[in-house]
Amino acid sequence: MFKRQLISLLLASALSSSLRAQAPASAHGAWYEHAVIYEIYPRSFQDTNGDGVGDLNGITQRLDYLQSLGVDAIWIAPMYPSPQVDFGYDIANYEAVDPQYGTLADMDRLIAEAKKRHIRVLLDMVLNHTSDKHPWFVESAGSKTNPRADWFIWNDGKATNDTHAPNAHQGPHGWVVPPNDWSSLFQGSAWEWVPARGQFYYHFFYKQQPDLNWRNPAVEKAMFDAMRFWLDRGVAGFRLDAVTTLFEDPELHDDGPTGKLDASGFPESNHVRTSGLPEVHDVMRRLRVMVDGYHDERVLVGEIYVPATAELLGWYGPRSAPELQLPMDTLVGFHTEAPGQETGKNVALNIAHFRKTIVEMEAALDGHQPLLVFDNHDNTRSWDRFGDGAHNPLIARLIATMLFTTRSAALLYYGQELGMATHTPTQREDVRDPIGITGWPKEKGRDGERTPMQWTSGPQAGFSSNPQTWLPVAADRSSVNVASESADASSLLNWYRTLAAIRRGNPTMRDGALVMLDATNPAVLSYARTPVSPSGHALVVSLNMTAQPQVVHLDLKAAGIGGPGVKTLLGDAAALNGVTSLATFMLPPYATLIAEVQ
Ligand code: GLC
Ligand code: CA
């Protein structure tokens, strides 16, 4: 693995008790506007019963750690009863806890213990599909006439004379193939044959994840009831999974081919008829009304991948009929080098991309609060996605700084704060994620970013007492772990803690507008956050995105920022402690500077 560099972290005296004070997360607006939300993949966070799989009691046990990190809310990936084909994203009962993760009583205790530490609990809500083992689907698949016959997307298929055509089946009226060219995002056809009904059903993801029919009002009612079940138990809201795919073209027109084959060799379709349909916004508005009925700022976070920042606007909804409070901005953090290239592959730091998308986040969202994210359980970790192999610890600090110093809520993924790396399986036999099994070796799946949390340098990194963990614990646990990094003032973990403390205590960092500085510099990204009151101080952030030292000249006057004095709040090179003027200063390779203008 990469050799971790020793970094001298500078904390100017200004960053004293006042900045570290645990002020409430949002004095002015709603709590979530400035929240640090921490994603937990429950299988991989902390095992307490020795089965090698994480559980809810494990999360409860680690709440003190999360509080010390400065976390305002946790989002727990699905912990409902599930056959675990897609590790919980195939739900068999929306109103219970999977026994391998614990019980409802454990969840109640987790919510209560989190509340004592001012941490809110968000659950993951999978609206697009259920598990094929959910009683709704089992009933629906049994006949064409049962009470839930229309809860999923069923179709007779198209007649064919070619009995050897792919996915050809003998139906009640002769041989048929799927009605159109729709492909599954998870490889292969999106249509699966069920002999008992003599029909195909549609699935955007795995065939074990049949899509619900959102044109049936009974489906909406059942899903809203499930959400109320949890809201009544005290959860603070939901991360809405794959919410762009709720509706599909009722006339089942072809998507059209992308011209590419997926990792299994199936022709990929464009998903224009199966994703982004406008009907979803009516559901979102009704959902928001339901959630707002709770009167204490429950929040809807959306998993949204759109091609342009402005398209996020539609997900906030009109002011008169709002939808989600925090649709994720995945554009800044999951960009690709070239259009059409997959996310999740290695990309270098692309300064032009960051500059453009951060400005758009500030300017194109009509004042709505963005939610920035660089890591999640579906993409290779930012540590090695942006890392060059030689400067990863510094690059991780650049990413952390962008995440915490732009004007947005921040989404962190467990282990990101430690610099956990992606550990992709090296042989097919070891793969657990089905897309990695069917797609091997082209697509190796998402196991690499889901390995157990590294708490200590001891056995199983303190994750489990059982040597048979569900995914292997990474070898770099000896240095990349909570215990070692907590004890090291210059660690990435303490960098994150300091950033969280600055955000919490500094009004400029919380609400100040973001203004790009030196906007044509091809090597250094610089921006200011302007004070929100006459007595406030501007903040300047400078990030050297190259492996060479860079001399930076910032014209603060031109940007309307006064004061000759400069105080370093945070920097990752000793030289930065002595910066006395931003008119000219030197940034070492991949260095970060956060300064206050006085
Ligand atoms: C979302 C989840 C992903 C899951 C998929 C299907 O994209 O983040 O992990 O496989 O939805 O539910
Ligand atoms: Ca759908």
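Residues numbered from 1 in each chain as written. Chains lettered and ligands numbered in written order. Predicted model: local features only at pLDDT ≥ 70, side-chain atom pairs only at ≥ 80, totals over all residues. Heavy atoms only, no water.

### Details of the overall build of the protein
Here is step 1 of the chain: When its secondary structure is counted, the protein shows 15 helices and 24 strands.
Here is step 2 of the chain: Rg of the C-alpha trace for the protein: 25 Å, near the compact-globule value of 25 Å for 598 residues, within the 12% margin.
Here is step 3 of the chain: Counting only C-alpha atoms and orienting by the principal axes, one finds that the protein spans roughly 85 × 50 × 50 Å.
Here is step 4 of the chain: Within the protein, the proportion of its 598 residues that are buried is 61%.
Here is step 5 of the chain: Within the protein, residue pairs in contact and separated by at least 24 positions form 70% of the contacts whose partners lie at least 6 positions apart.
Here is step 6 of the chain: Of the roughly 22,000 Å² of accessible surface on the protein, a fraction of 54% belongs to carbon and sulfur atoms.
Here is step 7 of the chain: Taken as two groups, the 49 positive and 67 negative side-chain charges of the protein have centres that lie 4 Å from each other. (Helix = DSSP H or I, 4+ residues; strand = E, 2+ residues; numbered from the N terminus. Rg over C-alpha atoms; globule rule 2.2 N^0.38 Å. Buried < 20%, exposed > 50% of the residue type's maximum accessible area, 1.4 Å probe, protein only. Contact = heavy atoms within 4.5 Å. Areas by Shrake-Rupley, 256 points an atom, 1.4 Å probe, with all protein chains shown as cover. Lys, Arg positive; Asp, Glu negative; His and termini not counted. Charge placed at Lys NZ, Arg CZ, Asp CG, Glu CD.)

### Some words on the environment of E311
Here is step 1 of the chain: Its place among the elements puts E311 in the loop between β14 (299-302) and α8 (313-316).
Here is step 2 of the chain: The class of E311 is partly exposed, set by a relative accessible area of 41%.
Here is step 3 of the chain: Taking C-alpha positions, E311 is 9.0 Å from L365, a pair spaced 54 residues apart along the chain.

### Structural notes on the environment of Q199
Here is step 1 of the chain: Tracing the sequence through the fold places Q199 in strand β10 (residues 199-202).
Here is step 2 of the chain: Take Q199: its relative accessible area is 7%, and that puts it in the buried class.
Here is step 3 of the chain: Counting along the chain gives 21 residues from Q199 to P178, while the straight-line C-alpha distance between them is 9.1 Å.
Here is step 4 of the chain: Beyond its immediate stretch of four places on either side in the chain, Q199 contacts K144, W154, N155, D156, E192, W193 and V194.
Here is step 5 of the chain: Side-chain polar atoms of Q199 contact the side chain of R197, separated by 2.9 Å. (Polar contact = N/O pair within 3.5 Å; in protein donor to acceptor, adjacent residues only side chain to side chain.)

### Considering the side chain of R62
Here is step 1 of the chain: For R62, the position within the fold is in the loop between α2 (56-61) and α3 (63-69).
Here is step 2 of the chain: For R62, the residues in contact, after removing those within four places along its chain, are F45, Q46, W455 and G462.

### A few points about the packing of aromatic side chains
Here is step 1 of the chain: Going through the model one piece at a time under the given rule, you end up with 29 aromatic pairs.
Here is step 2 of the chain: An angle of 75° between the planes, with centres 6.3 Å apart, marks the rings of F374 and F386 as edge-to-face. With F374 in the loop between β16 (371-373) and α10 (382-386) and F386 in helix α10, this residue pair connects regions lying twelve residues apart in the sequence.
Here is step 3 of the chain: Under the relative-accessibility criterion, F374 is labelled buried at 0%.
Here is step 4 of the chain: Judged by relative accessible area, F386 falls into the buried class, the value being 2%.
Here is step 5 of the chain: Among the aromatic residues, ring-to-ring pairing joins Y38, F45, Y65, Y413, Y414 and W455 into one connected group.
Here is step 6 of the chain: Its guanidinium or amino end placed over the ring of W151, R148 lies 4.6 Å from that ring's centre, counting from NZ or CZ.
Here is step 7 of the chain: The ring of W440 is capped by K444, whose NZ or CZ atom sits 5.3 Å from the centre of that ring. (Phe/Tyr/Trp six-rings, centres within 6.5 Å; stacked < 30°, edge-to-face > 60°. Lys NZ or Arg CZ within 6 Å of the ring centre and 35° of its normal.)

### Section: the site of ligand 1
Here is step 1 of the chain: As a matter of local geometry, ligand 1 sits amid 13 residues, with D86, D241, E303, H377 and D378 nearest to it.
Here is step 2 of the chain: For ligand 1, an oxygen atom lies 2.8 Å from a polar atom in the side chain of D241.
Here is step 3 of the chain: In this structure, an oxygen atom belonging to ligand 1 sits 2.8 Å away from a side-chain N or O atom of H377.
Here is step 4 of the chain: Compared with its free state, where it exposes 310 Å², ligand 1 has 96% of that area covered by protein.
Here is step 5 of the chain: Looking at side-chain class alone, the shell around ligand 1 contains three nonpolar, three polar and seven charged residues. (Near = heavy atom within 4 Å. Nonpolar A, V, L, I, M, F, W, Y, C, P; charged D, E, K, R; others polar.)

### Concerning the coordination of the calcium ion (ligand 2)
Here is step 1 of the chain: Only N128 (OD1), D211 (OD), T245 (O) and E248 (OE) from the protein reach the calcium ion (ligand 2) as donors, at distances of 2.0 to 2.6 Å.
Here is step 2 of the chain: Here the donor residues of the calcium ion (ligand 2) share one chain and are spaced in sequence as N-x82-D-x33-T-x2-E. Here the residue N128 occupies a position in the loop between β4 (120-126) and α5 (135-142), and D211 occupies one in the loop between β10 and α6 (217-232), the gap between them amounting to 83 residues.
Here is step 3 of the chain: Judged by its relative accessible area of 0%, N128 is buried.
Here is step 4 of the chain: The buried category is assigned to D211, whose relative accessible area is 0%. (Donors = N, O, S within 2.8 Å, 3.2 Å for Na, K, Ca; no water.)

### What about α5?
Here is step 1 of the chain: For α5, the complete set of buried residues consists of W136, F137, S140 and A141. Seen end-on, α5 carries its buried residues on one side only, within an arc spanning 120°.
Here is step 2 of the chain: If you follow the buried residues of α5, they end up packed against β5 (154-155), β9 (191-194), β10 and α6. (Arc of directions from axis to C-beta.)

### Some details on the pattern of salt bridges
Here is step 1 of the chain: Evaluation of the coordinates by the stated rule reveals 26 salt bridges.
Here is step 2 of the chain: Across the salt bridge formed by D225 and K221, the nearest N and O atoms sit 2.8 Å from each other. With D225 and K221 both in helix α6 and four residues apart, the pair spans about one turn of that helix.
Here is step 3 of the chain: By relative accessible area, which is 52% here, K221 ends up exposed.
Here is step 4 of the chain: The salt bridge partner of D378 is R446, with a shortest N-O separation of 3.1 Å. Of this pair, D378 sits in the loop between β16 and α10 while R446 is found in the loop between α12 (434-439) and α13 (482-486), placing the two residues 68 residues apart along the sequence.
Here is step 5 of the chain: Given a relative accessible area of 22%, D378 falls into the partly exposed group.
Here is step 6 of the chain: A relative accessible area of 7% places R446 in the buried class. (Salt bridge = Lys/Arg side-chain N within 4 Å of Asp/Glu carboxyl O.)

### Things to note about the sheet that holds strand β8 (residues 174-177)
Here is step 1 of the chain: The three strands are arranged β6-β8-β7 in an open sheet whose pairing can be described as antiparallel. What marks the edges here is a single partner per strand, and that holds for β6 (158-159) and β7 (169-171).
Here is step 2 of the chain: When β6 meets β8, the two strands line up antiparallel, connected through two bridges. Directly across from K158, in β8, lies its bridge partner V177. (Pairing = 2+ DSSP bridges.)

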